[in-house]
Structures are given as structure tokens and as C-alpha cells.
Amino acid sequence: MNILLYNPDNGVTRNFMPHLWMFLLQSLTPPEHKVFLIDGNAQPLTPNELALFVKENDIRLAGIGFMTRMAVRAYNMADVIRGAGAKVVMGGPHVTEVPGEPLGGDGNPRHADAIALGEADETWPQIVEDTAKDQLKEIYTPTNAEGKEIKPSLVEYPNIPWEQLDLEQFNLIGHLPRWARYWVDRAGIGMKSFHLIPIESGRGCPYGCDFCTVTGFFGDSIRFRTNESVVNEMLRLKARSSRDGGHIAIFFVDDNFAINMKRTKSLLKAIIAADAILPWVAQISINLLRDQELLDLIAASGGRWIFQGLESIDAANLEDVNKGFNKPSEYAAVLSQLAERGVYAITSFIFGMDGDTPGVAGRTLEAIASWPPGLPVFGLLTPYPATPLYDRLNKEGRLIAPEHWLDIRPFRMAFTPRNINVEEAEAEMKAAWSRSYDPQAIATALQRIAHRPFKERAVMLFARLAFRGIYFPQMRRRDWVRLLVANRKNLLRLLAEARVEYRRQQNPAPRPSILISGPIVSSEVEKASGLSKKKTTSS
């Protein structure tokens, strides 16, 4: 049987990091079936193109996983796939939160033949078997004989054959136009391919922030893979990178990579000991980054960027959404300690909280300006279904529309805050994006790390240009041309540095001769090696 695993595009910007769920389910599929993978972010298809793909490849079952903001796109493409003759099973956080919606409950149109609730590790093989036998049920839940939900252990983790998979649709370099690849090469970052690969080392989060869907989906029971399993996966990816002559970076998709400090340190030490080091990104709460040994291990094991949900510089706002463990007074010190080790932060902020007032963007940017440069991102507080925030706002009658995700408008408020109106909140967010990613802000960020290695500045520049696209559309060629023209001074400075760096690497300065008098072997080395002066002989 031919199976399609389809991830809908996010409706905002292109995303070339694969979604782990597709590869995980592919590895859990019985080998007698053939699985196709399409990620709408990296390989966009029109409805007609998708329908043709389903028919030409005789797809009988399509699995679609998605989050709330992708629901409308997921439903539209599911209708296309069903219309082309395949069965559709839907899963993921949104389906688990509102299971009746994709099945056509409450008079809504039906978009799925079946749904998988919760984590599908245990139920997916059964879904495949039932479809092959033409016995697909409507609802699949990961429960035992007593009806209790089963949370899959990660100890026996599936082997994802990264070294064999076709990842071309996720090759960031391959998707760049020729002129953009030229600039990347001239900046000294030449490479045949670049892939950002998702790996999970654990699941679950105990914090339960009011606006977050993680605890509701994965639960507050933290489960981990073995160190050996994670290290072996990284070694296979590292070998592929060497074989292909490209670059691979890792995104640890754990909701909180350092939630168990002892375990995280153990894993990072294992990565270092096995020389499984690859550049990596992870999500870590800032309150867990006070530990200096952890910071050292992050840098030594390949950590380059840490995503941190700072959310607000206002402590009262954080308390209001059950995230009081974030302490704004600590932000500057922690971010500085990371930057000293060559590790930078992707800092996430939410506007539209009840404590926000006009001018919140300016106050936030003033604080950010005092920290080491990074990649700030800004969003609006969004009440996702089945979260405490949604339930509270719905009860208070403050939702603009109870099913606001069915009329999704990116970067628009879905409820009315108390101390700032909808239009003001949206304007604050736009101002924050505009001021953070204009050419002068990028130039300032580069100047502030002028003392750091060239590669860090090169990565910072291109990351800033790319992250700008999260808010401002950069899908068309002319959008990128405008962006590069606006940042031509930053690019030309970097190119000048790249030439100097290239010449330095090609013609390293000779080391001066050093005359050494006295014993060649120091007493410290003698002690460490077991040598003594009596046993040392001259040649």
C-alpha cells in the first residue's frame, strides 16, 4: 500500500526544517508499505498538483499532522486528497484539542476519515493495518485495556535512517536562487547543502503555561531517550554530512531541552566524548541557564543558538500567564554569559497581554538593546483551544470569535486585551519587527560582535535576513532583491571581511621561532606522564 505523510504549510513563511512526526511515523510503518513525504513549507504544491500526485502514485492512505494555525490549510488539502480517492487520517495537537472538528461535528464539513488522538507512536501501525484491510475506524486513541492513556516510552526509540533518506526538499542552499548562492559563497559560507534536522531527546513539560498546548498534548510526565540512542543518531547524521560535502545542524525539538539538568549534562558529555558534535539549536527556559557548567557543556557540544520564550519584560505579565519562573531581572546576565561562549539567543516576546499598554514595543526594544545581539521574534498572545487561556477568555466573553483559527489571519489579535486595544497591540508588534530588522539594527548587531570570530558575524547577518521573513513576506524574488539592496552596506562589509579571512586561511602567518632554554619537558608534564628528570634522555 502506498502512503503519503503530508505536512501543510504554515501560511506565513517558508520553513525548511523537516517536521519530525513525518520521519517518526515513516520509521514505524511496516516495511511492506511505501511511504512518501511531502512538507508543504519546503515543497509547496497547488491543490491540483497534490491531487495529481495522489492519483499518479496510487496513494491509499494520507496522514496529516498539524497545529492550530495550520488548520484551515490542512482541511483544504485534506479535502483535495480525499477527492483524489485516498483515505485521510488527521492527528497532532489541534486534532487532539478539538476532535469533533475534522470529523464534521456541530454541522461543520467533514475533512477526515479518521483521527488519531495524542501521540500516535502506538496507534499508527494499527491505522496502517486497518486501512490495508479496509477496516479503518473513526477514532484512534493511545489507551490500554482499562481505557487509560498510554504515553509511549522513548527508551526503545525507532531508528530513523537519515543516511538513506532523500532530504533534497529540505536543502536550504538548494532552494536559494543562483544569485543568493553567489552571495553566500562570497561571504565564505560556501557549501553544497545545508539541512536543519529535528531530533528529540525527550518529551513533555511540567510548567503548564496558560497559553501553551504542550502540556495538554505531551503531558507533564517527562520521558527521555537513552544517551546512546541520541548520540548514534547524531553520528549517522555527521557521517552523512561528511559524505555529501554539506552541512547539517540539529534542532533538538524537546519542549525544554534542559528540564532535567543532570540528564542534559550527561547527554552533552556523551556527545562530546563520542565526537558526535554538530552545530545545534534547542529550546531551554532561561531560568535553567544559570548553571555555568551547563553553559560550558552547551558550547563545547556544538550549541550555537538557544530559543528562549522570554515572553515579556514585565514580571506581572509573566505571573498572569503562569510563567512567573521567568525573571526579567536575570535576562541580561544569562544572555551575556551565553554570548561570551559564542552561543546566541532566539528571544521570543508576546504582545497583547492584559498588562501591556501602548509603548510596550519601545520598552521591550530598549531592554533588548542592552543585551548581546540575537534574533528577537515577536508574536501576539493567542488563545489556542483547550488551553487555560482560551477557557478563561471564552468564559469572560473576550474572544473575537470562538473558532478564530477557522478564519486565521496571521499576526492579528484573537481577543480583546484589557489595557491596550486590538489595533494598538498589532501596531506595537509591527513596530518591534520593523525596528529590530531594519538595516541599521542589523549593522548595530554586527558591530557589537566585531570582536567575535568572522563566522559568527556571517551567521548573524544571514540569520537576521532570514528571520525578518517571519513577519515581512520574502517569498518572491523581488522581495529578496529589495532586502539585499537595503542591506548592501552590511553585505559589502561582510564580503570585505570574507576576503581577508580567506587570504588568512590560505596564507597563514609563519609562527616565529622560539628559543627554549632548560628542560623541554615541564615538571607538570613529567608528573602527569610518569616521567622524571632521571629517566629523560636527550637525543
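Our subject is the structure that appears above.
A short tour of the structure in this document, coming up. (Residues numbered from 1 in each chain as written. Predicted model: local features only at pLDDT ≥ 70, side-chain atom pairs only at ≥ 80, totals over all residues. Heavy atoms only, no water.)

### Quick look at the sheet that holds strand S6 (residues 139-140)
Filter applied, for reference: We treat two strands as partners when DSSP finds at least two bridges between them. Comment: elements are numbered from the N terminus, with helices defined as DSSP H or I runs of at least four residues and strands as E runs of at least two. Every residue pair with non-hydrogen atoms within 4.5 Å of one another is taken to be in contact. Lines fitted to C-alpha atoms define the axes, with helix axes restricted to the stretch in contact, and inter-axis angles between N-to-C directions lie between 0 and 180 degrees.
The strand order across the open sheet formed by 6 strands is S2-S1-S3-S4-S5-S6, and the pairing between neighbours is parallel. Where the open sheet ends on each side, the last strands, each with one partner, are strand S2 (34-39) and S6. Bridge analysis of strand S3 (residues 59-65) against strand S4 (residues 87-91) gives 5 bridges, and the strand direction is parallel. In the strand pairing of S4, Gly63 is matched with Val89. In this fold helix H1 (residues 20-28) packs onto strand S1 (2-7), S2 and S3, with an angle of close to 160° to the strand it touches most, S1. Its contacts with the sheet put helix H3 (residues 71-83) on S1, S3 and S4, and the angle it makes with S4 is roughly 160°.

### What about the nonpolar core?
Defined as follows: Among the buried residues, those of types Ala, Val, Leu, Ile, Met, Phe, Trp, Tyr and Cys that are joined through side-chain atoms within 4.5 Å form a nonpolar core. Accessible area is worked out with a 1.4 Å probe on protein chains only. A residue is then buried under 20% of its type maximum, exposed over 50%, and partly exposed in between.
Core analysis: the largest hydrophobic core is formed by 150 residues, its most contacted members being Leu4, Met90, Ile250, Phe252 and Ile298. Excluding residues that lie within four positions of it along the chain, Ile250 makes contacts with Leu196, Ile197, Ile199, Met234, Leu237, Leu278, Pro279, Trp280 and Val281.

### A word on the pattern of salt bridges
Put simply, the rule is: Criterion for a salt bridge: a side-chain nitrogen of Lys or Arg within 4 Å of a carboxyl oxygen of Asp or Glu.
Scanning the entire structure with this criterion turns up 30 salt bridges. Of the charged contacts in the structure, one is a salt bridge between Arg223 and Glu119, with a shortest N-O distance of 3.0 Å. One end of the pair, Arg223, is in strand S9 (residues 223-224); the other, Glu119, is in the loop between strand S5 (114-116) and helix H5 (124-132), and 104 residues separate them in sequence. Here Glu119 falls in the buried class, since its relative accessible area comes to 3%. Taken together, the salt bridges that share partners define one network made up of Glu119, Asp121, Glu149, Lys151, Glu200, Arg203 and Arg223.

### A look at helix H19 (residues 477-486)
Filter applied, for reference: Here the arc refers to the set of directions running from the helix axis out to each C-beta atom.
Of the positions making up H19, those classed as buried are Asp479, Leu483 and Leu484. The buried residues of H19 occupy an angular sector of 130° when projected down its axis, which confines them to one face. Away from the buried face of H19 by more than 90 degrees, exposed residues Arg477 and Arg482 are located.

### Regarding the side chain of His111
The criterion, for reference: In protein, a polar contact means a hydrogen-donor-capable atom and an acceptor-capable atom, both N or O and within 3.5 Å, with residues adjacent in sequence counting only if both atoms are side-chain atoms; elsewhere, any N or O pair within 3.5 Å suffices.
Among the structural elements, His111 can be located in the loop between helix H4 (93-97) and S5. According to the relative accessible area criterion, His111 is buried, its value standing at 10%. Within the structure, the side chain of His111 is placed 2.9 Å from the side chain of Asp79, a separation counted as a polar contact. Among the polar contacts made by the side chain of His111, one reaches the main-chain carbonyl oxygen of Pro109 at a distance of 3.4 Å. Contacts of His111, omitting those with residues within four sequence positions, involve Tyr75, Ala78, Asp79, Arg82, Val88, Glu101 and Pro102.

### Things to note about the sheet that holds strand S14 (residues 375-380)
In space, the 6 strands of this open sheet follow the order S7-S10-S11-S12-S13-S14, with parallel pairing throughout. Only two strands of the sheet have a single partner each, and these edge strands are strand S7 (194-199) and S14. In this sheet, adjacent strand axes meet at a mean angle of 20° when their direction is disregarded. The pairing of strand S13 (residues 344-351) with S14 spans 6 bridges and is classified as parallel. Paired with Phe349 across the bridge in S14 is Phe378. Each of strand S12 (303-311), S13 and S14 is contacted by helix H18 (residues 454-468), which is oriented at about 20° to S14, the strand it contacts most.

### Points about the pairing of S2
With 5 of its 6 residues buried, S2 lies for the most part within the structure. Bridging between S1 and S2 involves 6 bridges; their strand directions are parallel. For Asn2, the partnering residue across the bridge sits in S2 and is Lys34.

### Considerations on unusual backbone geometry
Trans peptide bonds make up most of the peptide bonds, and negative phi angles are found at most residues other than glycine. At Asp58, a position not held by glycine, the phi torsion is positive, near 50°. Relative to the assigned elements, Asp58 resides in the loop between helix H2 (47-56) and S3. In this structure Asp58 comes out as exposed when scored by relative accessible area, which is 52%. Look at Asp275: it is not a glycine, yet its phi comes out positive at around 50°.

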